[in-house]
Amino acid sequence: MKFDSNRAWKEASEAIAANRDVLSAIAGVFILIPTLAFSLLFPQPQPPAGADPDAIMAQMQAFYVSALPWLIPVAIVQGAGTMALLTLFTDRTRPTVGEAIRRGFASIIPYLLAQLLLGIGIGIIGGALLALAALTGVNALVAVVLIAIGLGAIYTAVKTSLSSAVIAVEGERNPVSALRRSWQLTRGNSGRIAMFYLLVAVAFIVVMMVVMALIGMLLALLLDGETATAVATVFSSFLSTAMTVYFVGIIAAIHRQLAGPSAQQVMSTFE
């Protein structure tokens, strides 16, 4: 089946518009609040002016290592919220919000395992290729391999982007099977799907940059530095949550389109 991006966007946006209240409630509790709490409690360190890349990398690494005990529960809560949203978007049985949340938590382990396996696989293969290139001592080859690893990671992410929908909609609990199923569903449409993701992401990023620039100028005039930063973080978290909801809706629409009626799903108005 040839992927139709216009149809996917239309179905996703219509489902979001028709169910804004329910989506806002779930996204607010499971995505916005954890994101906002983490951003306010653990603000990313700002590198000093003129710092070299190695120092910046070391600073960011130390930050994420120290924040890891908090990142894990945030990832679990947000993952459960994502799976609950996918269930509401696509389950033909019309589950209630409570049922969708319970299913979201029930599917969180295979969802996180699939993401973990994907990350480990990319890391191992990419690290091995980079190490082999570094052994040659040719900087140009190392740069080419880095670019190839980045492109390969993007391609793999696109091919496996439907694994969450496979888990939520089709009830697959084996993370390897979910990744394999997503790979099969996207066969022949990877380029179109990647371009669609890119266009949507660029559109959201541009909107966020413009909105945050305007808000930043306004806050700078009305509030002091720390307060303005905190308020800007709140607005940024709202915008990123909205982007997440749209991408979840898009993934649900793409899965429905490529999986066909046998997947037992429908983009509909929730109860």
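Residues numbered from 1 in each chain as written. Predicted model: local features only at pLDDT ≥ 70, side-chain atom pairs only at ≥ 80, totals over all residues. Heavy atoms only, no water.

> I would appreciate a short explanation of helix H10 (residues 225-259) in the present structure.
Since there are 3.6 residues in each turn of an α-helix, residues three or four apart along the chain are aligned in direction. In a regular helix each residue adds 1.5 Å, so 35 residues correspond to 51 Å; H10 covers 50 Å between its end C-alpha atoms and thus fits that length. Looking at the residues trailing H10, positive phi occurs at Gly-260, about 80°. (Helix = DSSP H or I, 4+ residues; strand = E, 2+ residues; numbered from the N terminus. Expected span 1.5 Å × (residues − 1).)

> Even after reading the chapter, I still don't get the environment of Leu-221, so can you show me in this structure?
Along the chain, Leu-221 turns up in helix H9 (residues 190-222). Residue class for Leu-221 comes out exposed when judged on its relative accessible area of 73%. As for Leu-221 and Ala-27, which are separated by 194 residues in sequence, their C-alpha atoms are 31 Å apart. (Buried < 20%, exposed > 50% of the residue type's maximum accessible area, 1.4 Å probe, protein only.)

> What's the story with the nonpolar core in this structure? I'm lost.
Nonpolar side chains in soluble globular proteins tend to be buried together. Ranked by internal contacts, the top residues of the largest apolar core, which has 41 residues, are Leu-86, Tyr-197 and Ile-254. Counting residues per element, the ones that place at least two in this core are helix H1 (5-18), helix H2 (20-41), helix H3 (53-90), helix H5 (108-136), helix H7 (163-170), helix H8 (175-185), H9 and H10. It is H10 that provides the largest number of residues to this core, a total of 9 residues. With 5 residues, the next largest nonpolar core counts Phe-38, Met-60, Phe-63 and Val-74 among its residues. (Core = buried A, V, L, I, M, F, W, Y, C linked by side-chain atoms within 4.5 Å.)

> Help me understand H5, please; the structure alone is not making it clear to me.
Taking 1.5 Å per residue, 29 residues should reach 42 Å; H5 reaches 42 Å between its end C-alpha atoms and fits that length. Buried within H5 we find Ile-108, Pro-110, Tyr-111, Ala-114, Leu-118, Gly-126 and Ala-133. Turning to H5, the residues buried within the fold contact H3, helix H4 (97-106), helix H6 (139-159), H7 and H8. Phi turns positive, to about 75°, at Gly-137, one or two residues after H5. (Contact = heavy atoms within 4.5 Å.)

These results come straight from atomic positions and should not be treated as a statement about function.
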